[in-house]
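Residue strings, one per chain:
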Amino acid sequence: MCAKKVDAIVIGAGWAGSILAKELTEAGLSVVMLERGDERATAVEGDYPSSIDELRGAIRHRLFQNLSQSTVTIRNTLDQEALPYRRLAAFLPGEGVGGAGLHWSGVHFRVAPDDLALRTNVVARYGKNFIPEGMNLQDYGVTYEELEPFFDKAEKVFGTSGEPYTINGKIAGNGNRFAPDRSDAFPLPAMGEVYSASLFRSAASNVGYHPYALPAANASAQYTNPYGVQMGPCNFCGYCSGYDCYMYSKASPNVNILPALRQDPKFTLITKAHVLKVNLDADKKKATGVSYLDLRTRQQVELDADLVIISAFQFHNVHLMLLSGIGQPYDPKQNTGTVGRNFVYQTITTSRAWLSPKQYTNLFVGAGGAGVAIDDFNSMNFDHGPLGFVGGSPVWVNQAGVKPIAAAIGGPGGKAPTWGEGYKDAMVDTYRHSLTIDAHGSNMAYRDVYLDLDPTYNNAYGQPLLRMTFNWKDNDIRMNQYVVGKIEPIIKAMGATKYSLGMLKDGEVFDTRRYQTTHLGGGAVMGTDPKTSCINRYLQSWDVSNVFVIGASAFPQGMGYNPTGMVAALAYWAAYHIRTTYLKNPGPMVQA
Amino acid sequence: MKIPSSTRRNFTAGLLGSTSFWMYGGHKVWADALQSEGALAYKPQYFNHEEWQFINAACARIFPADAHGPDGALLGAPEFIDRQMDTPYGHGQLWYMSGPFRAGAPNLGYQLPLPPRDLYRQAIAAANMYVRDHHQGQVFAQLAAPEQIAVLKAFEQGKMMLGDVPAHAFFEQLRQNTLEGVFSDPLYGGNKGLAGWTLLGFPGARADFMDWVNQKGAPYPFGPVSMSGETA
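Fair warning: this is a prediction, and the values are worked out from it, not measured in the lab. (Residues numbered from 1 in each chain as written. Chains lettered and ligands numbered in written order. Predicted model: local features only at pLDDT ≥ 70, side-chain atom pairs only at ≥ 80, totals over all residues. Heavy atoms only, no water.)

Participant: Looking at this structure, I do not really get the overall build of chain A. What am I missing?
Facilitator: Across its full length, chain A carries 15 helices and 23 strands. The C-alpha atoms of chain A give a radius of gyration of 23 Å, which matches the 25 Å a tight globule of 592 residues would have. Dimensions of chain A along its principal axes, counting C-alpha atoms only, are 70 × 55 × 55 Å. Considering only contacts in chain A between residues 6 or more positions apart, those separated by 24 or more positions represent 75%. Accessible surface for chain A amounts to roughly 19,300 Å². Of this, 49% is attributable to carbon and sulfur atoms. For chain A, the separation between the mean place of its 53 positive charges and that of its 53 negative charges on side chains is 2 Å. (Helix = DSSP H or I, 4+ residues; strand = E, 2+ residues; numbered from the N terminus. Rg over C-alpha atoms; globule rule 2.2 N^0.38 Å. Contact = heavy atoms within 4.5 Å. Areas by Shrake-Rupley, 256 points an atom, 1.4 Å probe, with all protein chains shown as cover. Lys, Arg positive; Asp, Glu negative; His and termini not counted. Charge placed at Lys NZ, Arg CZ, Asp CG, Glu CD.)

Structure representation (structure tokens):
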């Protein structure tokens, strides 16, 4: 096939790619979006009742990446041999149109403003020596005030439900008093509260914390977004995470953006198109387009473009940069290069409280983004001085709908057996009368935690797999333990009959066999210094100025909040500056 | 292939004779279901006779009969597992199965070249060999229930190998697949009579709780329904 030319190529059909494709077509560009997975439409994958089949959905991973074609390798330390992540467990990347944005839960946060300049803030408050040796603490290079219009825009596109605290400086509701000021209300009122969440609200309040309704991209009422597409009201069916919402209530690229985008003649979506690499000119300063494998015909296709947007899942972005030779790969020994540097995760642990046999928590009732949280121990909302760690965790009851297979395999919790005699008794008690509370915490970046290409293992197309070198670190373990300790009084105030606190243990090694979270971040981080960041504050590659890299890969640290709201805001922020500045005068928007 | 129906009938008879089973009110549906010969007549498509007996016995021990209701074998978990063996999952098509295959630290996850169907075949044969050595030539399915439990505990907690398969990895495969069978939609062969869902109070495919978001601690009042509309 001869090379074709378009104005812009967008790699990946998730949230970041769909937002960029929409914005660039609005700007008049011809856009081809390449997605390596299948076409996905709620009329098919969201068709009730097959859409809510737990075995096919969350257990056999219907909407997730099929690792048989490509995966990552993982090791904990630099001197270890990495082994393939052969079975999905610890994290669950998406695949197909909508990406992880189709199977996400819908918790839709903004950002804690202090997190955007975490290094500056920590140094200002506690001094430079407060930062542990080997921790790469960095700023994003962008402020909350700059991003606010784009958080607002994303919430309106997503149909986000929530309760504000302040709007334009005036108290406007009983929302999160640690949340930054807003320019407008949430487009929809907060979601209803399940019994577990309402118990958490009153207990947390009784012990002096400040509970608030989680902002949810689950529609609390019927909604039409600025693109003219409609959402139905959430019925708390509990099939958000891992599923395509059959009610059209959970925001997804498929429901909230693509119906408008697909009608634009300047837009083309090509599925089953696995991008092998971004093609660069001879001196590696300009991208000329991409080479992709048409998975239907197994033919390699060259597609040329003036602008290339890398907007796949976090680690796929980094993988593609490494495979393409964009920027310098990070070397932890020499401490040089930036691609793969500051790979981060989150510290998420779950505690459980059992109520009396008369109190039914009906765990199957839920919505992925709904719940009640406290931010008293998130970000820099508390004094870290005497504690000696950086970071924090929001804490919440986020009853997202617990399905029976996952519950049964996970077991009753506490010290109860996971099979055989006594298992069923305990399982019944747990499923009917317990609730869970999460500490959903940050994870800092470290010199010896990074991404690079694996020396041994290849994907189905003969390319080296991405290698993760990752382990838990003392700073983050102690942060998690501290915050989980703050959950205990809440549980006691609930009148629990018993409880079990889930926390990271001293020296705990990252275990790939147990689901923790899909909130991976970093590896292609944004910043103000090309020595420590891959992309500038507009998410433009420092090295190849017609490449923008959009996603959680831009986060210099793993924040306590769920990442999607920040990813969407950064996508709209980057798109705005491409439209208003870059397209008028293509080239570096920040001089290195 | 011979169906070990006598074994299955024995399980059934034992249960029907148990006072606790009859006293548990919600399981009349079970008495009806078990009287249907059709429900017992599943012919394994993948497992051979010895494997099928092993799986049946193991499912009954992992998810035992008690006052809450029947065991995992009667709930169809063996049929579920047998049918899963001929799916993309059973063939390992959902897993990265390229070499080299190297043993590593357990926290780095599964590293065997065996898809589930091969894992079962190899491990069950080795498990029965282990049992023969320790129990005067008997296989696992012939042991009394307390002995079967002891063997499963040894697999779960021990460091022994069953062929190329660490016994604990085999046990966890068996445990997970048994529970998948008990708690998945009956479409897949298990959760007979929706008894798994009834046990937990999970309402199945209802998936609409608009009017039940917060009942202030009261139980949800409706029983389960399957994707095909079966109720219990």
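Read on for the rest.
Participant: For this particular structure, what's the right way to read the sheet that holds strand E4 (residues 83-84) of chain A?
Facilitator: Two modes of strand pairing occur in sheets, parallel and antiparallel, and in both the strands are linked by backbone hydrogen bonds. Residues and elements named next belong to chain A. The four strands lie next to each other as E4-E3-E20-E19, forming an open sheet whose pairing is mixed. Of all strands in the sheet, those bounded by a partner on one side alone are E4 and strand E19 (450-458). Here two bridges tie strand E3 (residues 72-75) to E4, and the two strands are oriented antiparallel to one another. Within E4, the position partnered with Ile74 by the bridge is Leu83. Here helix H11 (residues 314-324) sits on the sheet in contact with E3, E19 and strand E20 (464-469), set at roughly 70° to E19. (Pairing = 2+ DSSP bridges. Axes fitted to C-alpha atoms, helices over the stretch in contact; angles between N-to-C directions.)

Participant: Can you help me understand the pairing of strand E10 (residues 267-270) of chain A in this one?
Facilitator: Note on strand geometry: in a regular strand, side chains alternate between the two faces of the sheet. Residues and elements named next belong to chain A. Judged by which residues are buried, E10 turns out to be one-sided: Phe267 and Leu269 face inward and are buried, whereas Thr268 and Ile270, on the alternate face, are not. Bridge count for strand E2 (residues 31-34) against E10 is four bridges, and the pairing is parallel. Across the sheet, residue Val31 finds its bridge partner in E10, namely Phe267. (Buried < 20%, exposed > 50% of the residue type's maximum accessible area, 1.4 Å probe, protein only.)

Participant: Can you help me understand the interface of chain B and chain A in this one?
Facilitator: A common measure of how large an interface is: the accessible area buried when the components associate. Contacts between the two partners involve 69 residues from chain B and, on the opposite side, 67 residues from chain A. Across the chain B/chain A interface, buried area totals approximately 5,500 Å², and carbon plus sulfur atoms make up 60% of it. By the criterion of area lost to chain A, the three top residues of chain B are Tyr96(B), Leu108(B) and Leu200(B), representing 15% of everything that side buries. The interface formed by chain B and chain A holds three salt bridges in total. Ionic pairing is found between Glu81(A) and Arg102(B), a salt bridge with its closest N-O pair at 2.3 Å. The tally of links from chain B across to chain A stands at 41 residue pairs in polar contact (both at pLDDT 80 or more). (Buried area = accessible area lost by both parts, 1.4 Å probe. Salt bridge = Lys/Arg side-chain N within 4 Å of Asp/Glu carboxyl O. Polar contact = N/O pair within 3.5 Å; in protein donor to acceptor, adjacent residues only side chain to side chain.)

Participant: Can you walk me through the pairing of E3(A) in this structure?
Facilitator: Residues and elements named next belong to chain A. Here E3 shows two buried faces, one formed by Val72 and Ile74 and the other by Thr73 and Arg75. Sheet analysis places E3 next to E20, joined by four bridges and oriented parallel. Bridging across to E20, Thr73 finds its partner in Arg467.

Participant: Explain the side chain of Asp438(A) here, please?
Facilitator: Residue and element names in this part refer to chain A. Counting through the fold element by element, Asp438 comes out in strand E18 (residues 434-441). Of the side chains with opposite charge, Arg352 comes closest to the buried, unpaired Asp438, at an N-O distance of 8.6 Å. Among the polar contacts made by the side chain of Asp438, one reaches the side chain of Thr350 at a distance of 2.8 Å. Excluding anything up to four places from it in sequence, Asp438 contacts Thr349, Thr350, Pro394, Val395 and Trp396.

Participant: Can you help me understand the environment of Pro588(A) in this one?
Facilitator: Residue and element names in this part refer to chain A. Note that Pro588 resides in the segment after helix H15 (564-580). Taking the C-alpha atoms as reference points, Pro588 and Asn536, separated by 52 residues in sequence, lie 9.1 Å from one another. Excluding residues that lie within four positions of it along the chain, Pro588 makes contacts with Gln540 and Ser545.

Participant: What should I look at first to understand the pattern of salt bridges in this one?
Facilitator: Charged atoms that come close allow side chains of opposite charge to pair. Under the counting rule described, the total for this entry stands at 31 salt bridges over all chains. With a shortest N-O distance of 3.0 Å, Arg579(A) and Glu26(A) are connected by a salt bridge. Here Arg579(A) is found in helix H15, whereas its partner Glu26(A) is found in helix H1 (residues 15-26), with 553 residues between them in sequence. Residue class for Arg579(A) comes out partly exposed when judged on its relative accessible area of 28%. Note that Glu51(B) and Arg121(B) form a salt bridge whose closest N and O atoms lie 2.8 Å from each other. With Glu51(B) in helix H5 (residues 49-62) and Arg121(B) in helix H7 (residues 116-134), this residue pair connects regions lying 70 residues apart in the sequence. Among the residues examined, Glu51(B) registers a relative accessible area of 4% and is labelled buried. Of the residues examined, Arg121(B) reaches a relative accessible area of 34% and is grouped as partly exposed. Salt bridges sharing partners connect three or more residues here, namely Lys22(A), Glu23(A), Glu26(A), Lys153(A) and Arg579(A).

Participant: What is the right way to look at the packing of H5(B) against helix H8 (residues 145-157) of chain B in this model?
Facilitator: Helix-helix packing is characterised by the crossing angle of the two axes and by the distance between the axes. Residues and elements named next belong to chain B. Viewed as axis vectors pointing N to C, H5 and H8 meet at an angle of 85°, and their least axial separation amounts to 10 Å. Between H5 and H8, the interaxial angle falls into the category roughly perpendicular. Residues Ala57, Ala58, Arg61 and Ile62 of H5 form the contact with H8, whose participating residues are Ala145, Gln148, Ile149 and Leu152. In terms of residue class, the contact of H5 with H8 is made up of six nonpolar, one polar and one charged. (Parallel < 35°, antiparallel > 145°, perpendicular 65-115°, else oblique. Nonpolar A, V, L, I, M, F, W, Y, C, P; charged D, E, K, R; others polar.)

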